[in-house]
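# Summary of the model geometry
Chain by chain, the residues:
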Amino acid sequence: MRVKASVPVWDWLVRATHWLIAAIVIANLFVIDSALRLHRWLGYAALALMLIRIAWGFVGSVHARFSDWFPTPGRLLPYLKLMTRGREPRVRGHNPVGAVMMLALWTLLAVLGVTGFLLGTDRFFGDEDLQYLHEWLALALRNCVLVHLAGAVLESVRHRENLIVSMITGRKRP
Amino acid sequence: MNIPRIAIALVCLLASNLSYAWADCKAHPKNEWMKEADARARLEKEGYKIKSFKTSGECYELYGFDKKGAQVEIYFDAKTMAVVKRAE
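Criteria and cut-off values
- Residues numbered from 1 in each chain as written.
- Chains lettered and ligands numbered in written order.
- Predicted model: local features only at pLDDT ≥ 70, side-chain atom pairs only at ≥ 80, totals over all residues.
- Heavy atoms only, no water.
- Pairing = 2+ DSSP bridges.
- Helix = DSSP H or I, 4+ residues; strand = E, 2+ residues; numbered from the N terminus.
- Axes fitted to C-alpha atoms, helices over the stretch in contact; angles between N-to-C directions.
- Contact = heavy atoms within 4.5 Å.
- Expected span 1.5 Å × (residues − 1).
- Buried area = accessible area lost by both parts, 1.4 Å probe.
- Salt bridge = Lys/Arg side-chain N within 4 Å of Asp/Glu carboxyl O.
- Polar contact = N/O pair within 3.5 Å; in protein donor to acceptor, adjacent residues only side chain to side chain.
- Nonpolar A, V, L, I, M, F, W, Y, C, P; charged D, E, K, R; others polar.
- Buried < 20%, exposed > 50% of the residue type's maximum accessible area, 1.4 Å probe, protein only.
- pLDDT = per-residue confidence, 0-100.

The next subject is the sheet that holds strand β4 (residues 83–86) of chain B. Residue and element names in this part refer to chain B. On the basis of which strands lie adjacent, the open sheet formed by 4 strands has the order β1-β2-β3-β4 and antiparallel pairing. The sheet is open, and its two borders are formed by β1 (49–56) and β4, each paired with just one other strand. Across this sheet, the average inter-strand angle for adjacent strands is 25°, counted without regard to direction. Contacts between helix α2 (residues 36–45) and the sheet are confined to β1, β2 (59–65) and β3 (71–77), with β1 contributing the most and set at about 145° to the helix.

Right, here's the structure in full:
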């Protein structure tokens with residue numbers, strides 16, 4: 001096997017928050033009984049990790065920063081146009097479409113956190129409408145995670161690099 | 001580690017059902033269930049303040065407050081009103 005040169009892309013905080021939030025989301029969606037106090041505390045932990053990651057978007061390493069990946073129309077539209085032709089360029093950091101998904105996932109996490117918090121208050125405890133909304137958001141999050149994963153696999157195949165392993169090692173080819 | 005293997009494992013996990021709060025209550029025929037009004041009255045007599053009381057699978061489910069005002073979510077046997085599960 002030939003030795004491949006690689007460069008650091010995802011710093012430790014990006015990777016740690018990514019996988020910790022992923023683990024919490026999987027635990028809270030599929031494993032833990034949502035009536036348990038643990039469900040609530042894991043939810044708050046995910047919110048805290050997300051806020052740390054967002055703060056890191058201002059002070060972290062190059063590809064962690066909003067300035068590097070925020071999907072402005074100027075970045076997003078040309079990329080989308082190329083994508084429809086199956087010719088989107090390789091982006092070392094977050095590509096603009098992946099970035100839209102990040103923002104969607106963060107929004108869902110935030111609203112899940114707020115509705116979850118409210119369900120723990122005496123005012124909304126057992127409130128069926130709010131429970132329904134919280135569940136709907138949970139399903140939406142699950143579906144977005146599936147699309148996020150599909151996107152990672154698609155771009156991995158297109159550009160012949162394992163993006164899932166990159167999110168573990170933090171490295172990519174130059 | 002190859003991409004397909006990781007991805008297939010994750011998709012299987014992610015495509016499964018969400019975990020909901022539930023309790024394993026014994027199934028009784030509907031005509032043996034305690035009437036909802038009676039069940040409510042009994043809970044109130046025991047000192048619970050009812051926020052919501054409803055059928056949940058084979059159980060009755062209460063969201064409310066105990067005598068001390070603490071939140072309680074309790075699943076009851078629909079016939080005997082015995083506590084099946086208290087969410088903690």
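Don't stop here, the text continues.
Take helix α4 (residues 73–84) of chain A next. Taking 1.5 Å of rise per residue, the 12 residues of α4(A) would be expected to cover 16 Å, and the 16 Å separating its terminal C-alpha atoms lies within 8% of that figure. Among the residues trailing α4(A), A:Gly86 stands out with phi positive, at a value near 70°.

In many analyses, interface size is given as the accessible surface area lost on bringing the parts together. Across the contact, 35 residues belong to chain A and 29 residues belong to chain B. Here chain A packs against chain B, burying approximately 2700 Å² in sum over the two surfaces, 63% of which is carbon and sulfur. Here chain A is connected to chain B by 2 salt bridges. Between B:Lys54 and A:Glu128 there is a salt bridge, with its nearest N and O atoms 3.7 Å apart. For the pair chain A and chain B, the number of links is 9 residue pairs in polar contact (both at pLDDT 80 or more). Every element with two or more residues in the side of chain A that touches chain B is listed here: α1 (12–31), α2 (37–59), α6 (128–158) and α7 (163–169) of chain A. At 11 residues, α6(A) tops the list of elements feeding residues into the side of chain A that touches chain B. Considered class by class, the residues forming the side of chain A that touches chain B number 18 nonpolar, 8 polar and 9 charged.

Moving on: the side chain of A:Asn95. Residue and element names in this part refer to chain A. Looking at the secondary structure, you find Asn95 in the loop between α4 and α5 (96–119). On the basis of relative accessibility, which here comes to 16%, the residue Asn95 falls in the buried class. Within the structure, Asn95 has its side chain in polar contact with the backbone nitrogen of Gly98 (distance 2.7 Å). For Asn95, the residues in contact, after removing those within four places along its chain, are Tyr79 and Glu155.

This part covers the side chain of A:His159. Inspection of the secondary structure assignment puts A:His159 in the loop between α6 and α7. With residues near it in sequence (within four places) discarded, A:His159 still touches A:Glu88, A:Pro89, A:Arg90 and A:Arg173.

Here we take up the pairing of β2(B). Residues and elements named next belong to chain B. Here β2 lies mainly inside the structure; 7 of its 7 residues are buried. Burial along β2 is two-sided: the residues Cys59, Glu61, Tyr63 and Phe65 and Tyr60, Leu62 and Gly64 are all buried. Examined bridge by bridge, β1 and β2 share 7 bridges and lie antiparallel to one another. Its bridge partner lying in β2, Ser52 is registered against Tyr63. Remark: 2 residues form the turn of the hairpin made by β1 and β2, two consecutive strands paired antiparallel; Gly57 in that turn has positive phi of roughly 65°. Looking at chain direction, β2 and β3 are connected through 7 bridges and run antiparallel.

Should the pLDDT be low somewhere, the predicted coordinates at that spot are not to be read in detail. Residues and elements named next belong to chain B. On average, residues of chain B score 89 in pLDDT, and 95% of them are at 70 or above. No element of chain B has a lower mean pLDDT than helix α1 (residues 3–14), which averages 75, and none a higher one than α2, which averages 96. Complex prediction metrics read pTM 0.89 and ipTM 0.81.

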